Every structure is written in structure tokens, then in C-alpha cells.
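Fold and geometry: a report
What follows is the residue order along each chain.
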Amino acid sequence: MKKDAKTFHEVAERCTRFSPIEECKNCGCSNSTSSGENVSCKSCRHYEPDKVCTLDLYKEIVTNHNL
Ligand code: SF4
């Protein structure tokens, strides 16, 4: 199963449970827009390094969409 930045992004875009960690909210940097680059499993609350998704959705979305 692929685990690269592109796939993390494509999965998160299709995921109904994507829940971004909003670390950047008050830091004043220009990365605070909620869409685009930051849409990634890596910036999701449900991300977990070993299996990617604590909800087990990653594998399912990758399979269903042939990512
Ligand atoms: S980590 Fe899981 S819940 Fe979060 S966007 Fe990825 S597949 Fe969806």
C-alpha cells in the first residue's frame, strides 16, 4: 500500500472523516487556509504513523478509488 504525500492528500480529499489539526490557527503564518496543500491524512486528527488511519479508512479509500 502506498504511503506517500500525494496519496495522503488524495485520500484526505475523498475522506468524509477528515478532521484537520489546526495547529496553525494562531501562529500568523500564511498556511492557515483550510484547503489545498494542508488536506492530507498527515494533518488529520485520525492519523497514526503505523497504520495511517486510526479509523481504518485509509486502506478502504485507497482500494475503492484505485489510488
Ligand atoms: S487519516 Fe483517516 S480519517 Fe483522516 S483523512 Fe486520512 S483516511 Fe480520513
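Heads up: these notes are all about the structure in this document. These numbers were taken from a predicted model, which means no experiment stands behind them.

Cut-offs and rules
Residues numbered from 1 in each chain as written. Predicted model: local features only at pLDDT ≥ 70, side-chain atom pairs only at ≥ 80, totals over all residues. Heavy atoms only, no water. Near = heavy atom within 4 Å. Helix = DSSP H or I, 4+ residues; strand = E, 2+ residues; numbered from the N terminus. Nonpolar A, V, L, I, M, F, W, Y, C, P; charged D, E, K, R; others polar. Buried < 20%, exposed > 50% of the residue type's maximum accessible area, 1.4 Å probe, protein only. Arc of directions from axis to C-beta. Contact = heavy atoms within 4.5 Å.

The environment of the ligand is made up of Val11, Ala12, Cys15, Arg17, Phe18, Cys41, Cys44, His46, Tyr47, Cys53, Leu57 and Tyr58. Elements that contribute at least two residues to the shell around the ligand include exactly helix H1 (5–14) and helix H2 (57–64). Considered class by class, the residues forming the shell around the ligand number 10 nonpolar, 1 polar and 1 charged.

Structural remark: α-helix, 3.6 residues per turn; residues separated by three or four positions point the same way. Burial in H2 covers these residues: Tyr58, Ile61 and Val62. Angular distribution of buried residues about the axis of H2 spans 100 degrees; they occupy a single face of the element. Turned more than 90 degrees away from the buried face of H2 sit Lys59, Thr63 and Asn64, all of them exposed. Those residues of H2 that are buried lie in contact with H1 and strand E2 (52–53).

Geometric descriptors of this kind do not, in isolation, establish any biological role.
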